[in-house]
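# Coordinate inspection notes
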Amino acid sequence: MMPIFFNLESHLWVFYLFFVNGLLLHYSLASLSPAYRQLTSPVEAKVVAGLGLSMGLNGLVLLSLTYLNIAWESSLPLIVCLSVLLALALLLRIPGHHVEWVGDIGLARVALYITVWVLLFYNGGLIEQVSDAWWHMALADRMAEEGTLFTELGHLNGVSRREYPPLLHANLAMVSSLSGEPLPVLWNSVTAWMAAVKLMAYYLLALGLSRNAGLAIVAALIFVLVPGMGVSYLRVSAWPSHFAYVFMFASFYVAFRVLDRDRERSGYQSGIARGIMELFLLVRHNLVHVVSCLVLVSLIFFTHKLEVVWLAAGLGVYIVAASIAGVYRSAIEPHLDSFALIRNVLLLAIIASSIFLTIDEVARWRQNYDALIAYCLPASIALGALVLSMRPSKRLSRLVLCVLVVLLVGSIDLQHLRSLLFPLEALPGQANRELPLLAKGYFGGQLVVPGWHLQLRGALLYSGIVAIFVACALVWTRPNRLHLFLASNALVAVLFCLSPYLYQWLVSLMNYHSPWRILTLLFTPIILAAALTQAWNRVRE
Amino acid sequence: MSFTKPKVGWAVVLVLVAGSIVYDAMFHFDSDLIQVKRAHSSAQRHWNLFYGQEYVFNDSSIKYQGDIEAMRPLIEPNSVLLSDISTSYYIAAQLPVFLPNIHRHHKRHSLHKWRDLLDSKAVCQLDEPEQRARLKEFIQSNAGDITQVNAEFRYMLVNKDQDNINMRNDCLSQTRSSFVRNVNGVANTIYDGEFLRLYRIID
């Protein structure tokens, strides 16, 4: 017979160790810095800050104990006592009038977060299947048993060791050591908290993009409802990647907050010097935001790493798109001058990576000319984008645009596209269904595409497909930050999944087993929320 | 509110987008989907209004806590323990032992002798004399020891839980009665709990 509240105590421990100290530190920082206070004025930002600061602090404490060779079991209770005393001291010193204890919150948002928390309290974490959750729990247990962040042995069979960012496992090990609660119970409890926090972080992303709280809450609601990419698997919220998603969404929020702030302009007239100076002034004028972003990126790096790539890709795609759009239409971002430098660096980096791959994989493309095209295609697109950004003549612009469209559309594998709707037409697979499918290029060479069965079909059918078309329509009718960010990332993400040439380039460059997760950049809930709010406002006008 | 052409157009957009959201969201409220996914061992990654903690409680190690805590003082740390694949992961998350019976993508093949033994399914066919002899020879030759970490093969664990759906994942759990019948002579029972029975290899 299942005890009704078998996990109640673990929830209290999770709340304490994952949020309390971080929140107190957050309030201390907020009392010292008006810029930080403003950045974290939404209550969601406070909660995410509390989580990040707690996890970071816990990680630093355990790292210190590891390096000093101090046993965790004996020292952790003492450290907790000290931290409680320190927290009380901080709390008493915070000038109440300088701090927004709760801040900007609304009933609808509170109701949504509580509902999600209750739903996941009841549904629980995904541990009833022998999934990778048990691998992670075993690693956390080994850390707690050995009292070290860096286990030298393979934690399952003693032999096969895999490098994995240790921050989440360290935090779980700490909670387990202190509370005595078994890891499966803790994992089950963490899921409920992280589902709500992930939703809050997604709200922040939507808010930072749109500057519209109503749209952001609709996006958060849609995030709970539609299947989406793996980010929205709420029962998987205790996985390290989902912690990283929280910090990734928050990083986007901070980045867009930087763009919203007024800043100094450089006195330089043009060129690289101006770009560098603008960047320097941007950093100097937004130091708190930049530091916050760096802390968030560090948290991502030490939790799961990969999301740093998607963060950089998402911002990079937007910067290139906004910078080029600003050349032909009114500026999307008023303070875009430094973007030209960033845009050029990004495009040159893509070209450089293609050159690198061409040299590195010479043995492959000598047998397979399609692989050579795959390595050169992104470079060609980047070159075209560079040409467009220089504002050539109308005729040349149109020619370059046509060539780019032909290259991109021509690189799509139509059978792979059809198989999205008709699974029986799927391209041939490999022995392991996690490996990419095999496509043939124009010259008969072998390329790869991601299998739709790997979370992608669920993400695209049907709200994902609707979102792609809606995003294109929105940016065509009104090219503002929100629409351009959503549309540019949606198109890039889906093109990489449809084109064997682009996907081959990505696979060769990333050396990672799941580059198809680039579809994370299809922000379906925000796209649909933007369409709904705009349509609703137009109908009511 | 008057209905001009643009307004009608936006109303259509509103209906289409809302319709796609409602259609895609329906699976969260489908109680039948739970049983379909369980029948196919498909992960229930999304929330479902009709899903509950009883699935998590019954199909994980949460209900084995009493047994696991009782076994803890009986187990020498950094030993090797053989069990079915699901129970191996449950134990890995809570006790300081090494488990050879794990998923392939977690590099099970790194332990060649264990891989050969487990792939042969000898431990699932202990009613056959030659398989019993094979297991005995495996134990006596110390082939189960993980020399890289000085870990001796000391324990075997049987999960008696009939209700845990994961017990059908591995022939070791499906043929546990055969295992229990034939393990005498190579191992003694040192703990027999509500769900878990622990054997220690006879030296």
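Right, let's walk through the structure included here. Nothing here was measured: the structure is a model prediction, and the numbers come from that model. Every chain's residues receive numbers from 1 upward, in the order its sequence appears when written. Here every chain gets a letter starting at A, and every ligand a number starting at 1, in the order they are written. Where local features are concerned, this predicted model is filtered to residues with pLDDT of at least 70; where side-chain atom pairs are given and counted, the filter is 80 or more; whole-chain, interface and lining totals use all residues. Computation of side-chain values covers all heavy atoms of the structure but excludes hydrogens and water.

Comment: elements are numbered from the N terminus, with helices defined as DSSP H or I runs of at least four residues and strands as E runs of at least two. The number of helices and strands found in chain B is nine helices and five strands. In chain B, the succession of helices and strands from N to C terminus is α-α-α-α-β-α-β-α-α-β-α-α-β-β. Principal-axis analysis of the C-alpha atoms places the extent of chain B at approximately 90 × 35 × 30 Å. The proportion of buried residues among the 203 residues of chain B is 52%. When checking whether two residues touch, look at their non-hydrogen atoms; a contact exists if any pair is within 4.5 Å. Restricting the contact set of chain B to residue pairs at least 6 apart, pairs at least 24 apart contribute 54%. Summed over its atoms, the accessible surface of chain B is roughly 9500 Å², and 53% of this surface lies on carbon and sulfur atoms. His is not counted, nor are the chain ends, whereas Lys and Arg count as positive and Asp and Glu as negative. Charge positions come from single atoms, namely NZ of Lys, CZ of Arg, CG of Asp or CD of Glu. Computed over 23 positive and 23 negative side-chain charges, the separation of the two mean positions in chain B equals 6 Å. Each residue is placed in one exposure class: buried if its accessible area under a 1.4 Å probe, protein chains only, is under 20% of its type's maximum, exposed if it is over 50%, and partly exposed if it falls in between. Every accessible area reported is derived by Shrake-Rupley at a probe size of 1.4 Å, with residue values counting cover from the shown protein chains alone.

Turning our eyes to something else, we now look at the nonpolar core. We call a set of buried Ala, Val, Leu, Ile, Met, Phe, Trp, Tyr and Cys residues a nonpolar core when their side-chain atoms join them within 4.5 Å. Counting residues in each nonpolar core, the largest one holds 210 residues, and the members touching the most others are Phe-18, Leu-51, Phe-523 and Ile-526 of chain A. Take this core: its biggest share by element is 20 residues, from helix α8 (residues 183-210) of chain A. Excluding residues within four positions of it along the chain, Phe-523 of chain A makes contact with Tyr-202, Leu-205, Phe-249, Phe-252, Phe-485 and Leu-486 of chain A. Counting residues in each nonpolar core, the second largest holds 29 residues, with Trp-114, Val-123, Cys-171 and Ala-187 of chain B among its members.

Residue and element names in this part refer to chain B. With mixed pairing, the five strands of this open sheet are ordered in space as β2-β1-β3-β5-β4. Of all strands in the sheet, those bounded by a partner on one side alone are β2 (97-98) and β4 (187-192). Alignment of strand β3 (residues 153-159) against strand β5 (residues 196-201), held across five bridges, turns out to be antiparallel. Bridge pairing in β5 places Val-158 opposite Arg-197. Any two strands between which DSSP finds at least two bridges are classified as paired.

Let us look at the pairing of β5 of chain B. Residue and element names in this part refer to chain B. Among the six residues that make up β5, five are buried, leaving the element largely enclosed by the rest of the structure. Note that β4 and β5 share five bridges and pair antiparallel. Looking across to β5, one finds that Asn-188 is bridged to Arg-200.

Another aspect to go through is helix α2 (residues 31-39) of chain B. Identification of polar contacts relies on pairs of N or O atoms within 3.5 Å, with a donor-acceptor requirement for protein atoms, meaning one able to donate a hydrogen and the other able to accept it, and with residues adjacent in sequence counted only if both atoms are side-chain atoms. With a side-chain oxygen lying 3.0 Å from the backbone nitrogen of Asp-32 of chain B, the N-terminal cap of α2 of chain B falls on Asp-30 of chain B. Directly after α2 of chain B, the chain includes Ser-41 of chain B, whose backbone phi takes a positive value near 55°.

All names here are of chain A. The element helix α22 (residues 500-510) is largely enclosed, with a buried count of nine among its 11 residues. Taken together, the buried positions of α22 are occupied by Pro-500, Tyr-501, Leu-502, Tyr-503, Gln-504, Trp-505, Leu-506, Ser-508 and Met-510. Looking one or two places after α22, you find Asn-511, whose phi comes out positive at around 50°.

With that settled, the discussion passes to the interface of chain B and chain A. Taken residue by residue, the interface counts 62 residues in chain B and 63 residues in chain A. Buried surface at the junction of chain B and chain A, both sides included, amounts to about 5300 Å², of which 68% is carbon and sulfur. Among the residues of chain B in contact with chain A, Trp-10, Trp-47 and Gln-53 of chain B are the three that bury the most area, contributing 15% of the side total. We define a salt bridge as a contact between a side-chain nitrogen of Lys or Arg and a carboxyl oxygen of Asp or Glu at a distance within 4 Å. Where chain B meets chain A, there are one salt bridge. In this description, buried area is defined as the sum, over both parts, of the accessible area (probe of 1.4 Å) that is lost when the two are combined.

Attention now moves to the state of the cysteines. By definition, a disulfide links the sulfur atoms of two cysteines through a covalent bond. All names here are of chain B. Defined by distance alone, a disulfide is two cysteine sulfur atoms within 2.5 Å. Under the definition given, this model contains one disulfide over all chains. Across a sulfur-sulfur distance of 1.8 Å, Cys-124 and Cys-171 are joined as a disulfide pair. Across the disulfide from Cys-124 to Cys-171, rotation about the S-S bond amounts to roughly 60°, and the bridge is consequently right-handed. With Cys-124 in the loop between α6 (112-120) and α7 (129-140) and Cys-171 in helix α8 (residues 171-174), this residue pair connects regions lying 47 residues apart in the sequence. Grouping residues by exposure puts Cys-124 and Cys-171 together as buried.

Turning our attention to the packing of aromatic side chains. Residue and element names in this part refer to chain A. Only the six-membered ring of Trp is used, alongside the rings of Phe and Tyr, when aromatic pairs are assigned; centres must lie within 6.5 Å, and planes under 30 degrees apart are stacked while those over 60 apart are edge-to-face, with the rest tilted. Evaluated as defined, the whole model comprises 31 aromatic pairs over all chains. On the numbers, 6.1 Å between centres and 25° between planes, the contact of Phe-15 with Phe-19 is stacked. With Phe-15 and Phe-19 both in helix α1 (residues 8-32), this residue pair falls four residues apart, about one helical turn. Look at Phe-15 and you get partly exposed, because its relative accessible area is 36%. Chaining the aromatic ring pairs together yields one cluster made of Phe-15, Phe-19, Trp-117, Phe-121 and Trp-193. The ring of Trp-135 carries Arg-162 above its face, with NZ or CZ at 5.2 Å from the centroid. Ring-over charges, as used throughout, are those where CZ of Arg or NZ of Lys falls within 6 Å of the ring centre and within 35 degrees of the ring normal.

Let us look at unusual backbone geometry. Residue Leu-461 of chain A is joined to Tyr-462 of chain A through a cis peptide bond whose omega torsion reads 0°. Looking at the secondary structure, you find Tyr-462 of chain A in the loop between α19 (456-460) and α20 (463-477). Of note in the backbone geometry, Gln-455 of chain A takes a positive phi value of approximately 65° without being a glycine. Along the chain, the position of Gln-455 of chain A falls in the loop between β2 (446-449) and α19. For Gln-455 of chain A, a relative accessible area of 17% translates into the label buried. Positive phi outside glycine occurs at Asn-142 of chain B, with the angle close to 60°. Positionally, Asn-142 of chain B belongs in the loop between α7 and β3.

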